[in-house]
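Coordinate inspection notes
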Amino acid sequence: MRFNEKELVCLSRQPSEMAAELGMRGPKKGDVVKKRLVKLVVNFLFYFRIDEEEPIGALLLEQCRVEREDSQSFSITFLDEAERKYLFECDSEEQCRQWVDSIMKASYEFMRKNLIFYRTEIHRLTGKDPLEQYGISDETRFQVNNGLRLTPRDTSSL
């Protein structure tokens, strides 16, 4: 996936869901743990040198796995490149838990699944599609993967 560098820098300056100085080791052999400012903005994890304002890198948190390595560290690996593993060291077990939870909830796919779940529940309880009022109820990205589509309840006999 290609990104415009200026747009990424601009995004990195937006308010973050989480930010902290963490130990970080990159995916290359021989990489050592270095202190980095790490910021979670939407579904990007930006990392900076401590004394710089522009990020030195960004991870798009899609198609990845977040795992606890021990009580104070976690890793991120990408499904299409399992050997590309980033390690992050936190100051406490609680901070590590917060980072893992936030990163897991940051992906588009997680948000999409939640939208579909709540859309289905609202439809089940009310008989109405909550997305219909926005004119987007038929968009493929909001459909359940098994091909089932929500259909409005027939109210003509009421």
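These notes cover the structure that comes with them. Small disclaimer: the values here were computed from a predicted structure and weren't measured. (Residues numbered from 1 in each chain as written. Predicted model: local features only at pLDDT ≥ 70, side-chain atom pairs only at ≥ 80, totals over all residues. Heavy atoms only, no water.)

1. Observations regarding the overall build of the protein chain
Counting secondary structure elements, the protein chain contains three helices and seven strands. Mapped from its N terminus to its C terminus, the protein chain presents α and β elements in the order α-β-β-β-β-β-β-β-α-α. Burial status across the protein chain gives 34% buried among its 158 residues. Look at the contacts in the protein chain between residues 6 or more apart in sequence, and 44% of them connect residues 24 or more apart. (Helix = DSSP H or I, 4+ residues; strand = E, 2+ residues; numbered from the N terminus. Buried < 20%, exposed > 50% of the residue type's maximum accessible area, 1.4 Å probe, protein only. Contact = heavy atoms within 4.5 Å.)

2. A word on the pairing of strand β6 (residues 73-78)
Counting buried positions over the six residues of β6 gives six, a clear majority of the element. The alternating pattern of β6 places Ser73, Ser75 and Thr77 on one face and Phe74, Ile76 and Phe78 on the opposite face, and all of these are buried. Two strands pair when backbone bridges link them, and strand β5 (residues 64-70) and β6 are joined in this way by six bridges, in the antiparallel orientation. Across the sheet, Asp70 pairs through a bridge with Ser73, a residue of β6. (Pairing = 2+ DSSP bridges.)

3. So, the nonpolar core
Membership of the largest hydrophobic core comes to 22 residues, with the highest contact counts inside it found for Leu45, Leu59, Phe74, Ile76, Phe88 and Trp99. In this structure Phe88 touches Leu22, Gly23, Met24, Val38, Leu45, Leu59, Gln72, Ser73, Phe74 and Ile76, once residues within four positions along its chain are discounted. Within the second largest apolar cluster, six residues are counted, among which are Val41, Phe46, Phe48 and Leu60. (Core = buried A, V, L, I, M, F, W, Y, C linked by side-chain atoms within 4.5 Å.)

4. Structural notes on the environment of Arg97
As for its placement among the helices and strands, Arg97 is situated in helix α2 (residues 93-104). A relative accessible area of 35% means that Arg97 is categorised as partly exposed. Put simply, Arg97 and Ser71 are 26 residues apart on the chain and 8.5 Å apart in space, counted from C-alpha to C-alpha.

5. A look at the environment of Ser16
Along the chain, Ser16 turns up in the loop between α1 (5-12) and β1 (18-25). Its relative accessible area of 30% is what places Ser16 among the partly exposed residues. Spatially, the C-alpha atoms of Ser16 and Leu40 are 5.5 Å apart, while their sequence positions differ by 24 residues. Polar contacts involving the side chain of Ser16 include one to the main-chain carbonyl oxygen of Met18, which spans 3.4 Å. (Polar contact = N/O pair within 3.5 Å; in protein donor to acceptor, adjacent residues only side chain to side chain.)

6. Thoughts on the sheet that holds β5
Taken in spatial order, the seven strands line up as β4-β3-β2-β1-β7-β6-β5 in an open sheet, and their pairing is antiparallel. Sheet topology places β4 (57-60) and β5 at the edges, where each strand pairs with a single neighbour. Shown here is a sheet whose adjacent strand axes are inclined to one another by a mean of 35°, direction ignored. (Axes fitted to C-alpha atoms, helices over the stretch in contact; angles between N-to-C directions.)

7. Some remarks on the pairing of strand β2 (residues 34-41)
Pairing analysis gives seven bridges linking β1 to β2, with the strands arranged antiparallel. Among the inter-strand pairings, Ala19 is bridged to a residue of β2, identified as Lys39. The pairing of β2 with strand β3 (residues 44-48) spans five bridges and is classified as antiparallel. Bridged to Val38 within β3 is Tyr47. Where β2 folds back onto β3 in an antiparallel hairpin, the turn is made up of two residues, including Val42, whose phi is positive at roughly 55°.

8. Quick word on unusual backbone geometry
Positive phi, normally seen in glycine, also occurs at Val42, with a value near 55°. Summarising the element assignment, Val42 is placed in the loop between β2 and β3. For Val42, a relative accessible area of 44% translates into the label partly exposed. A positive phi angle, near 55°, is found at Gln63, a position not held by glycine. Within the fold, Gln63 resides in the loop between β4 and β5. The exposed category is assigned to Gln63, whose relative accessible area is 54%.

Shape descriptors only; they carry no functional weight alone.
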